[in-house]
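Architecture and fold: a report
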Amino acid sequence: MKKRMISGIQSSGTITLGNYIGAIQNFIELQNEYELFVFIADLHSITVPQERKTLQHNIRSLAALYLACGLDPEKVTIFIQSEVPQHTQLSWILECSTYMGELERMTQFKDKSRSQADSNMNASIGVGLFTYPALMAADILLYDATFVPVGEDQKQHLELTRNLAQRFNNKHGDTFIVPEPIIPTAGARIMSLTDPTRKMSKSDPNQKSFISLLDPLPTIAKKIKSAVTDSDGVIAFDPENKPGLSNLLTIYSVLTKRSIADIVLEYTGCGYGKFKGDLADIVVQTIEPIQQRYQTIYNSELLDNVLDAGAQNAQRLANRKLTKVQNKVGLGRKRK
Ligand code: TYM
């Protein structure tokens, strides 16, 4: 039997080249070898303020992008998180055995709560942003997933998931599989194009810092060509001293599947202009076919059918696990 994998992406904006390289590209490669579940983490996205119509669009858009990028619904179960209520049900049970200290240590919480408080837009931070890692643990543990393909920023959440699974198993007997992250060796952390010391993120207020998969193609080329690099003009991979150029070399390498050493060799002696121009072409060539498929899929009935079937399959498994958990904890009623 194939081993199971699960992963999700938040529907909090159009996904970026970072999401594509750190996560989606791997989903596509792994879909043949594993039983893969991929979902749209809409419940996670409401941990920060969202506008109703935009959220509805982003959910459907992400589902369409999964297919447009090459996820095959014949092989992969694709579903919307909020359409499988067992996620929130298990999440509550896990929250009750998650320690405050564990959640306080989560770097993503620290970063996001800081940026929300800074933005003045909403100085009050929702409790959901704090408890979110327990919901993420539920997303994974419901499905007996052995592996979770994610980018590097999710490593800490995966460690918490493993701890919560082990804690539950120790107290109640073997219930959950303790999952392992699968983090790509290259491209697990694509950096911002305007500040290469920070991660590329779809929620960055500076549009030039990230490439969205739905950006107009000329904009994509422009963003790559104007990405921040250094001024010494030497093509070399050195993330510490040349973070901007090293980030671009990483993107070049993962999209062409060529080694960084080989690319450095090719461009030795060339200026950054030629290198960036070629990279812009490569990124555009990667994204163009995705955009061509996207619009038709977004408007199709097929997408609804895929999501209906996905929710049904996910619910079936999730319900089985939830019932087992509730029973072990002693919730509900024992019939006479
Ligand atoms: P999210 O939506 O922030 O990101 C989705 C996936 O993309 C990866 N990623 C990146 N990889 C490389 N470079 C980047 N700059 C970059 N930015 C994002 C992330 O590591 C992730 O794999 N909490 C999760 C969503 C989630 C989830 C889950 C994932 C909810 N439940 C269960 C796995 C399993 C999140 O916020 O990802």
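Notes on the structure in this doc start here.

Thresholds, definitions, all that
- Residues numbered from 1 in each chain as written.
- Predicted model: local features only at pLDDT ≥ 70, side-chain atom pairs only at ≥ 80, totals over all residues.
- Heavy atoms only, no water.
- Salt bridge = Lys/Arg side-chain N within 4 Å of Asp/Glu carboxyl O.
- Helix = DSSP H or I, 4+ residues; strand = E, 2+ residues; numbered from the N terminus.
- Buried < 20%, exposed > 50% of the residue type's maximum accessible area, 1.4 Å probe, protein only.
- Core = buried A, V, L, I, M, F, W, Y, C linked by side-chain atoms within 4.5 Å.
- Domains from an automatic or database assignment.
- Expected span 1.5 Å × (residues − 1).
- Contact = heavy atoms within 4.5 Å.
- Pairing = 2+ DSSP bridges.

**Let's talk about the pattern of salt bridges**
Using the criterion set out here, one finds 13 salt bridges in the structure. Taking the shortest distance from any N to any O, the salt bridge between Lys257 and Glu29 comes out at 3.3 Å. Here the residue Lys257 occupies a position in the loop between helix 10 (243–256) and helix 11 (260–267), and Glu29 occupies one in helix 1 (residues 17–30), the gap between them amounting to 228 residues. We classify Glu29 as partly exposed; its relative accessible area is 43%. Residues Asp215 and Lys223 are paired through a salt bridge, measuring 2.7 Å at the closest nitrogen-oxygen approach. Classification of Asp215 by relative accessible area gives buried; the value is 10%. A network of salt bridges, in which partner residues are shared, links Asp230, Asp232 and Lys242.

**What to know about the nonpolar core**
Membership of the largest hydrophobic core comes to 65 residues, with the highest contact counts inside it found for Leu17, Tyr20, Phe27, Tyr66, Ile251, Phe275 and Val283. Tallying contributions element by element places helix 12 (residues 272–298) first for this core, with twelve residues. Mapped onto the domain boundaries, this core takes at least three residues apiece from domain 1 (4–183 + 301–329) and domain 2 (207–295).

**Observations regarding helix 3 (residues 52–69)**
The terminal C-alpha atoms of helix 3, which comprises 18 residues, lie 26 Å apart, in line with the 26 Å expected from a rise of 1.5 Å per residue. Restricting attention to buried positions, one finds in helix 3 the residues Leu55, Asn58, Ile59, Ser61, Leu62, Ala63, Ala64, Leu65, Tyr66, Leu67, Ala68 and Cys69. Count one or two residues on from helix 3 and you reach Gly70, which has phi positive near 125°.

**Details of the environment of Ile78**
When you line up the elements, Ile78 lands in strand 3 (residues 76–80). Apart from residues no more than four positions distant in its own chain, Ile78 is found in contact with Val38, Tyr66, Leu67, Leu71, Val306, Leu307, Gly310 and Ala311.

**Examining the pairing of strand 3**
In terms of residue burial, strand 3 counts as a mostly covered element, since five of its five residues are buried. Burial of the side chains of strand 3 extends over both faces: Val76, Ile78 and Ile80 are buried on one face and Thr77 and Phe79 on the other. With five bridges joining them, strand 2 (residues 35–41) and strand 3 adopt parallel strand pairing. Counted as the bridge partner of Phe39 is Phe79 from strand 3.

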